[in-house]
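# Close look at the chain arrangement
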Amino acid sequence: MRITTSISAFVIALAASALVAACGQGSPGDPTAATTTTATVSGIVRAATGAVIAGASVTVGSATATTGADGRFELRNVPVGSATIAISAPGFDARSVSVSLTEGANAHDVVLTPRTLFTHQSTVAYLPPGIAQYRAAIVFLPGLRDPSTGNPLDSRRIVTGAPGTGPCPIWCTASELETVKRRSLELAGGNVALVGTTTLLDQTADYDKLLQALSQVGAQSGHPELANVPILFVGHSQGGCTAYGFTRAHAARVAGFVTMKGGCHAPGPAGAAAAVPGFFLIGRVDEPHRVANITPVFEAGRAAGAPWSLSTDAFGHGPIVDLDLMFAWMDAVLTARLPATAGAPLRAMTETAGWLGDRSTGAVATYGCYGAARSGASWLPSREAALGWQRMAGGNVVVSAC
């Protein structure tokens with residue numbers, strides 16, 4: 001009898017278990033019931049212009065999808081609740097979006113911003129969006145170190161727009177930095193890349209670092225022309241010496257150079273740099289050794305016919321204050337030098353095509369009308385640049401017809 005009872009109980013328990021399994025869950029109030037709900041996430045990834053982005057990677061947790069030619073994606077069996085959609089695509093800044101997913105279908109379109117900052121080692125390049133092909137790179141080279149702290153200098157904040165907390169790079173105030181970046185981006189019809197870096201010395205190894213950085217940024221951004229694009233240097237102190245030294249070594253690559261108040265310019269013959277427009281700046285109350293270095297380098301180049309200018313401001317070791325003069329000079333040089341066809345050699349600027357400034361009187365004249373010795377005069381690439389030079393020199397005579 002005991003055996004029969006046990007068998008009956010076993011049969012009843014087995015039947016109850018089968019019934020629960022057949023139903024798939026316990027009673028609605030059973031806390032042990034297994035209930036699983038999931039979500040589906042779908043949408044379109046677009047650029048700010050509205051164009052769809054194919055090949056974008058979209059991730060939610062462990063689920064990943066890639067957008068098709070129509071920019072669409074779909075992720076299935078994603079847990080409901082709070083989640084983060086992570087999106088990335090070549091040429092665009094990565095983006096993360098926080099969402100709350102409900103059971104069933106969830107639609108979330110995403111807009112990506114074109115990537116503008118590219119980094120290689122200690123170099124940062126700002127590439128304004130919407131440019132099919134860049135025509136030039138404006139490279140800002142800082143000095144060796146901050147005289148007040150001894151810390152190395154860094155021109156990358158000019159490019160990134162970030163205020164920074166370290167020593168002053170070249171220009172210091174937020175207004176100066178914004179103005180320099182904005183006006184630089186207006187050069188060459190806006191088809192320019194801006195490049196900032198930590199200190200580069202006047203030596204072959206550092207020239208190669210810059211060339212490698214431009215090549216790498218070109219590869220990262222899908223703009224291979226940056227590997228060979230013409231360069232216009234803006235250098236202060238050590239950076240000016242490096243800009244000039246790079247030009248002596250790679251003149252065919254340099255559209256022009258601005259060198260401000262360096263005391264380390266190579267004193268030997270200018271060589272190929274004598275064919276490249278240059279702007280030298282001296283500070284009237286700067287250290288005498290800088291004046292003693294810049295002046296003979298400039299005068300030797302001018303004697304060889306170099307299209308170079310020399311200005312002296314009323315200040316110490318700071319960079320140029322008259323930004324109108326600097327940008328008038330830069331704009332005239334790029335306009336004259338950049339080839340009509342991308343990739344072609346830079347166009348030459350002949351000495352006779354410019355203006356000359358008398359360093360003693362501040363008078364300016366076209367090359368043909370200049371009456372004093374031309375070999376010691378400042379050479380300016382345009383009337384606007386000549387008038388800007390005269391403003392700093394303190395003259396008032398302008399001779400444009402003779």
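Preceding this section is the structure that the text describes.
Residues numbered from 1 in each chain as written. Predicted model: local features only at pLDDT ≥ 70, side-chain atom pairs only at ≥ 80, totals over all residues. Heavy atoms only, no water.

### Quick notes on the overall build of the chain
Counting secondary structure elements, the chain contains eight helices and 20 strands. Relative to the globule expectation of 21 Å for 402 residues, the C-alpha radius of gyration of the chain, 33 Å, shows a markedly less compact shape. Sequence separation of 24 or more characterises 63% of the internal contacts of the chain that already satisfy a separation of 6 or more. (Helix = DSSP H or I, 4+ residues; strand = E, 2+ residues; numbered from the N terminus. Rg over C-alpha atoms; globule rule 2.2 N^0.38 Å. Contact = heavy atoms within 4.5 Å.)

### With respect to the packing of aromatic side chains
Summed over all chains, the structure comprises ten aromatic pairs. Here Phe257 and Phe280 contribute two aromatic rings whose centre-to-centre distance is 5.6 Å and whose plane-to-plane angle is 85°, an arrangement assigned as edge-to-face. Note that Phe257 is positioned in strand β14 (residues 254-260) and Phe280 in strand β15 (residues 278-283), a separation of 23 residues in sequence. Summarising the burial analysis for this pair, Phe257 and Phe280 share the class buried. You can call Phe280 buried: its relative accessible area is 0%. The structure contains a cluster of three or more aromatic residues connected by ring pairs, namely Tyr244, Phe257, Phe280, Phe298 and Trp308. Here the basic side chain of Lys181 rests over the ring of Tyr126, its NZ or CZ set 4.1 Å away from the ring centre. (Phe/Tyr/Trp six-rings, centres within 6.5 Å; stacked < 30°, edge-to-face > 60°. Buried < 20%, exposed > 50% of the residue type's maximum accessible area, 1.4 Å probe, protein only. Lys NZ or Arg CZ within 6 Å of the ring centre and 35° of its normal.)

### Things to note about the sheet that holds β14
Taken in spatial order, the eight strands of this open sheet run β9-β10-β12-β11-β13-β14-β15-β16, and their pairing is mixed. In this open sheet, the two strands that pair with only one neighbour each are β9 (117-120) and β16 (308-313). Neighbouring strand axes in the sheet, compared pairwise and without regard to direction, differ in orientation by 15° on average. Strand direction decides the pairing type here: β15 and β16, joined by six bridges, are parallel. Looking across to β16, one finds that Leu281 is bridged to Ser311. The sheet contacts of helix α3 (residues 174-184) involve β10 (123-126), β11 (136-141) and β12 (192-197), and relative to β12 the element is tilted by about 145°. Strands β15 and β16 of the sheet are contacted by helix α6 (residues 288-303), whose axis makes an angle of about 150° with β15. (Pairing = 2+ DSSP bridges. Axes fitted to C-alpha atoms, helices over the stretch in contact; angles between N-to-C directions.)

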